[in-house]
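Given next are the chains, with one letter for each unit.
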Amino acid sequence: MKSLSRKTKNILSIITIFVLVLATSESYAQFFQNSDKEVVKLLDSAWNNRGSKPYKSEKFARKALKIASENDDFSHIAQAYNYLGIVYRNIANYDSSYKMYLKALYYAKMGNDSTQIAYSYNNIGGYWGYKNRYFLAIKNISIARDYFKGKNDLVGVGFSDIQIGMWFRYLKDYENSLFYLNEALKIREQKNDSLGIAATLSQIADTYIALGNNKLADSLNFTAFVIYTKKKDIRGKAYTLSNMGYIQGKIGNYKRAGELLRGAVKFSSKIDNPLGLQRALSRLADIYMFENKMELAFESLKQAHANSKGNLTDEDLEILQKFLTYYEKTKEFARYVALSREYSRIVDSLDVNERKSQFDEFENLFQLTKVQQENEKLKEDLNYKERIVIFFVIMAVFVLILIGLIFYLNKRINKEKILLSEAITTKDKLFSIVAHDLKNPFSSLLGYSSLLLDEFEELDRTEIKNGLRNMRASTEKLLQMVDNLLQWARTQTDQIQYNPEVIVVDKIILSTISYYTQSAKAKDVELKIQFKPNLRCFCDKTMFETALRNLINNSIKFTRNGGRISIHSEIDETQEFVKIIVEDNGVGIEKSKLNNLFSNNSSSDGTLGEKGTGLGLPLVKEMVEKNGGTISVESEVGQGTSFIFTIPRVE
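What this report covers is the structure whose coordinates are included nearby. Quick caveat: nothing in here was measured; it's all calculated off a predicted structure. Sequence order as written defines residue numbering, which begins from 1 separately in each chain. Under the rules for a predicted model, residues below a pLDDT of 70 receive no local features and side-chain atom pairs below 80 are neither given nor counted, while totals for whole chains, interfaces and linings still include all residues. Remark: hydrogens and water are excluded; side-chain values derive from all non-hydrogen atoms of the structure.

### A look at the overall build of the protein chain
Argument step 1. When you go through the protein chain residue by residue, the secondary structure sums to 25 helices and 7 strands.
Argument step 2. When a residue's accessible area, from a 1.4 Å probe over protein chains only, is under 20% of the maximum for its type it is buried; when over 50% it is exposed; and in between it is partly exposed. Counting every position in the protein chain, which comprises 651 residues, the buried fraction comes to 43%.
Argument step 3. We call two residues in contact when some of their heavy atoms are within 4.5 Å. Intrachain contacts of the protein chain at a sequence separation of at least 6 include 65% that bridge at least 24 residues.
Argument step 4. If you sum the accessible surface of the protein chain, you get close to 36100 Å²; carbon and sulfur atoms cover 55% of it. A run of H or I in DSSP counts as a helix once it spans at least four residues, and a run of E counts as a strand once it spans at least two, with each numbered from the N terminus. Only the protein chains shown count as cover for residues, with accessible areas throughout obtained via the Shrake-Rupley method and a probe of 1.4 Å.

See below:
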């Protein structure tokens, strides 16, 4: 009986332990489930308050972030950072919003959450738009759109479409703007998203205002206003009232314009909406000046200027211009002259910053690296032994790679001996070109730098600026020459590898053209793009970019000041190729030179004496043909030139 009793006790002990473990597991599961519900509730509150009560929204998002971080819930951490970025954007603190978006992207990738990855890219694109980097904005938002489309997330696609449409409007590409905005409207109508419909109608109205169709724009704004009123959306009401007031002012109905704009000021003041308040006050100042109510106009301008957040946006510059108009009308010439000088200084400083903007992408990488370093503590749970094992594995891999590299180099050296004679011949030709064609840019750089150093005290700001502009132009030409020389040298030694892939044509065009905005601006040349969205082709991406780069650079070189260059894509007659056309209204090419244009290495000076290597067009032809395409040229002296090349299309 004692033996049986002991056995029974053991069984009862095991059952007790099992029950306790099960109860504990259920408690932990219930705890995490409750935490998740609380985070979702806090994030919903943050989203609902982002427009009317941004600081309250920030508190909700911060609290959600704290709970999610404690549970290593990467998806909700990313969502919280995205919401914080939107809050900062709504109060015009763009740089802080950008840091939040970068953190959101990092954690979204940690959690492999493609939805939050998409929203992060979308928000990053919005940041670049507010920084007037419209091509970069569209590029990032297009990445987001691809993510949304891959998940069949129509709400996300619509969210991206409305932003792409907005930034195309800022690029004055109204056709693409309306295309994407109408796509967004279809999705939001399908989802019965009334506030989304109102926001899209407002953006479509803005595009029609830019096109001069004030009647249709006013009707769309009124429809949006009615929806915002029903939904009690104060920010939306303020936005539409401001736009309707602006339209009334344009058609000369100043009394009605003033009433609408004062309503916009009233609603914007109820919430923390500095950008909307600034815009409404600036427009109201215009109306007061038309009505000759100069004291009220000045007071409105002062309040508008006070709502600037130091980002120096186009709106801020427009307010300064309106101050100049005010001083001119009130005949305060001393203040007019002083402000004119300050305005010119600001614009000049913006020009310098714009020239540096192509390096912003590198700064992004540094910022992202910093965010990653701040979050390295997430990996501190690795124990010491695991790190030692990883270290030795890495060392073993490194040794194997080193042995393989030595073997490869030894084999390569033997092969190089066979190709040495050909390399020497190519080298001699390369040195000949370098000695002849690179001399002028270096001479220009040396000349301008010597002039600035020797006569710095005697030169005025304009002369110094012109000297620096010329040095930059020489540097850009030198960089293009060196790139073409390197590509040509590789083709001569069969070192260029053909690595085809499916690419989206419009993304490559947008990315490539962004590098030439400053060169075109220096010659007052208009760059216009027009393409069919989402055209895909099968080619080597690097070769495609090299060909397009050379053709755009060539057009800028031979287009006079004030000229126009258009880049557009279309499907050819066979439906099997994508056709890329780079067209300018420059000096044109003589018919006698057209036949040998792609085989002759000679170079002509540009409209401002720009030099070249003569390798660009032969290089373009080789790159296009390696990808299974063709290239042709049409030109008329004094009228301009069109280069047309094709690339195999894929569905």
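### Section: unusual backbone geometry
Argument step 1. One non-glycine residue, D72, lies in positive phi territory at about 55°.
Argument step 2. Following the sequence through the fold, D72 ends up in the loop between α2 (54-70) and α3 (74-90).
Argument step 3. On the accessibility criterion, D72 (47% relative accessible area) is partly exposed.
Argument step 4. One non-glycine residue, N152, lies in the positive phi region at around 55°.
Argument step 5. With respect to the element layout, N152 can be found in the loop between α6 (134-150) and α7 (154-170).
Argument step 6. Overall, N152 belongs to the exposed group, its relative accessible area being 61%.

### Focus on helix α14 (residues 294-306)
Argument step 1. Any helix carries an expected span of 1.5 Å times its number of residues minus one. Taking 1.5 Å of rise per residue, 13 residues should cover 18 Å, and α14 covers 18 Å from first to last C-alpha, within 8% of that figure.
Argument step 2. For α14, the set of buried residues is M294, A297, S300, L301 and A304. Viewed end-on, α14 has its buried residues packed into an arc of 120°, placing them on one side of the element. Counted as exposed and oriented over 90 degrees from the buried face of α14: E295 and A306. Our arc is simply the arc of the directions from the helix axis toward the C-beta atoms.

### Details of the packing of aromatic side chains
The description of two aromatic rings rests on the distance between their centres and on the angle between their planes.
Argument step 1. Note on aromatic contacts: the rings of Phe and Tyr and the six-membered ring of Trp form a pair at centre separations within 6.5 Å, being stacked when their planes are under 30 degrees apart, edge-to-face when over 60 apart, and tilted otherwise. Considering all chains together, one arrives at 25 aromatic pairs under this definition.
Argument step 2. Residues Y130 and W167 carry aromatic rings whose centres are separated by 5.6 Å and whose planes lie at 85° to one another, so their mutual orientation is edge-to-face. One end of the pair, Y130, is in helix α5 (residues 114-130); the other, W167, is in helix α7, with 37 residues separating them in the sequence.
Argument step 3. You can call Y130 partly exposed: its relative accessible area is 29%.
Argument step 4. Aromatic pair F179 and Y180: ring centres 5.2 Å apart, planes at 85°, arrangement edge-to-face.
Argument step 5. Exposure remark for Y180: the relative accessible area of 7% places this residue in the buried category.
Argument step 6. Aromatic ring contacts, followed pair by pair, group Y94, Y130, Y134, W167 and Y170 into a single cluster.

### Thoughts on the pairing of strand β4 (residues 564-571)
Argument step 1. Here strand β2 (residues 526-531) runs beside β4; their pairing, made up of 6 bridges, is parallel. Counterpart to E526 in the pairing with β4 is R564.
Argument step 2. What makes two strands pair is DSSP finding at least two bridges between them. As defined by bridge partners, β4 adjoins strand β5 (residues 577-584) across 7 bridges and the pair is classed as antiparallel. Residue pairing in the sheet places E570 in a bridge with K579 of β5.
Argument step 3. The turn joining β4 and β5, which pair antiparallel and follow one another in sequence, is formed by 5 residues; a positive phi near 65° is taken by Q575.

### Let's talk about the packing of helix α8 (residues 174-190) against helix α9 (residues 194-211)
Argument step 1. Axis separation between α8 and α9 bottoms out at 9 Å; the angle between their running directions is 160°. Relative to α9, the element α8 is oriented roughly antiparallel. Along this stretch, α8 crosses α9, giving a crossing that reads as left-handed. Touching Y174, S177, L178, L181, N182, A184, L185, R188 and E189 of α8 are G196, I197, A199, T200, L201, Q203, I204, T207, Y208, A210 and L211, all from α9.
Argument step 2. Ten residue types, Ala, Val, Leu, Ile, Met, Phe, Trp, Tyr, Cys and Pro, are classed as nonpolar, four, Asp, Glu, Lys and Arg, as charged, and the remainder, Gly among them, as polar. Looking at the contact of α8 with α9 residue by residue, the classes come out as 12 nonpolar, 6 polar and 2 charged. Orientation is described by axes fitted as lines to C-alpha atoms, over the contacting stretch for helices, and by angles from 0 to 180 degrees between their N-to-C directions. Each angle receives one of four descriptions, namely roughly parallel if under 35 degrees, roughly antiparallel if over 145, roughly perpendicular if within 65 to 115, and oblique otherwise. Should the near helix be turned counterclockwise from the far one by less than a right angle, the crossing is left-handed, whereas a clockwise turn marks it as right-handed.

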